[in-house]
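Given next are the chains, with one letter for each unit.
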Amino acid sequence: MKPFIILLINLLPLSVFAQHINPEAFKSLRNPNIKSEIEIYYKPLLNNYNLHFVKLDIEVSDLSTYISGNATLQAKATKSLDTLIFDFSNYMTVDSVLINDIKVSVKHSNNIIEYIFIDPLATNENFKAQIYYHGTPDTYARGVSHSCSSEW
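An account of the accompanying structure is given in this report. (Residues numbered from 1 in each chain as written. Predicted model: local features only at pLDDT ≥ 70, side-chain atom pairs only at ≥ 80, totals over all residues. Heavy atoms only, no water.)

What about the pattern of salt bridges?
Basically, it comes down to this: Salt bridges, as used here, are contacts in which a Lys or Arg side-chain nitrogen is within 4 Å of a carboxyl oxygen on Asp or Glu. We count a stretch as a helix when DSSP gives it H or I for four or more residues in a row; a strand needs E for two or more, and each element gets its number in order from the N terminus. The rule is simple: take the accessible area with a 1.4 Å probe, protein chains only, and divide by the maximum for that residue type; under 20% is buried, over 50% is exposed, in between is partly exposed.
Tallied over the full model, the rule gives one salt bridge. For K128, the salt bridge identified is with D101, shortest N-O distance 3.1 Å. Of the two residues, K128 sits in strand β8 (residues 126-135) while D101 sits in the loop between β4 (92-99) and β5 (102-104), which places them 27 residues apart along the sequence. Its relative accessible area of 24% is what places K128 among the partly exposed residues. Overall, D101 belongs to the exposed group, its relative accessible area being 56%.

With respect to the sheet that holds β4
Rules: A strand pair is defined by DSSP finding two or more bridges across the two strands. Only the stretch in contact is used when a helix axis is fitted, and all axes are lines through C-alpha atoms; the angle between N-to-C directions ranges over 0 to 180 degrees.
With antiparallel pairing, five strands are arranged side by side in an open sheet as β1-β2-β8-β4-β5. Each of the sheet's edge strands pairs with one partner strand only, and the pair in question is β1 (49-59) and β5. For this sheet, the mean angle separating the axes of adjacent strands, direction not counted, is 25°. The pairing of strand β2 (residues 67-77) with β8 spans 10 bridges and is antiparallel. Bridge pairing links L73 to A129 in β8.

Re the packing of aromatic side chains
To be explicit about the condition: Between rings of Phe, Tyr and Trp, where Trp is taken as its six-membered ring, a pair exists when centres lie within 6.5 Å; planes separated by under 30 degrees are stacked, by over 60 edge-to-face, and by other angles tilted.
In the structure shown here, the tally under the stated rule is four aromatic pairs. Consider the rings of Y49 and F127, whose centres lie 5.8 Å apart with planes at 80°: the pair is edge-to-face. Of this pair, Y49 sits in strand β1 while F127 is found in strand β8, placing the two residues 78 residues apart along the sequence. Like F127, Y49 is buried. A centroid spacing of 5.4 Å and a plane angle of 70° characterise the contact between F88 and Y133, whose relative ring orientation is edge-to-face. Here the residue F88 occupies a position in the loop between β3 (81-87) and β4, and Y133 occupies one in strand β8, the gap between them amounting to 45 residues. Each member of the pair, F88 together with Y133, is buried. Among the aromatic residues, ring-to-ring pairing joins Y49, F86 and F127 into one connected group.

Printed below as a string of structure tokens:
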């Protein structure tokens, strides 16, 4: 019984992070002329699929801040999906994107990768996306990594 309780206590905080954030709920709590950080970064199209699996294959070096790699994502459409978006820094270059193992053209701007399906995915349809990329993260990330490594 004791291991079960310890497991439950350790997994309970994960359910807090899995909750959907609705920026509308915060409007009554603040000045209506000021956007919250949630509203600034909230992208409703991210709610059109559930991510089930992520595999990151990243190549890094302790001699520079340059990185390259690919991310494989498996997800399921929660509604008919005609536009697929991912948060992805403009500081990184997208080399190619594969959707269900087919190379596709995407738009990469405003820290988002956007793909518009020719034939929309149906609700509950599974899909796989693989993003190949390279580059140097933004200066804030470089500053943080430099300050961490200089303390060692």
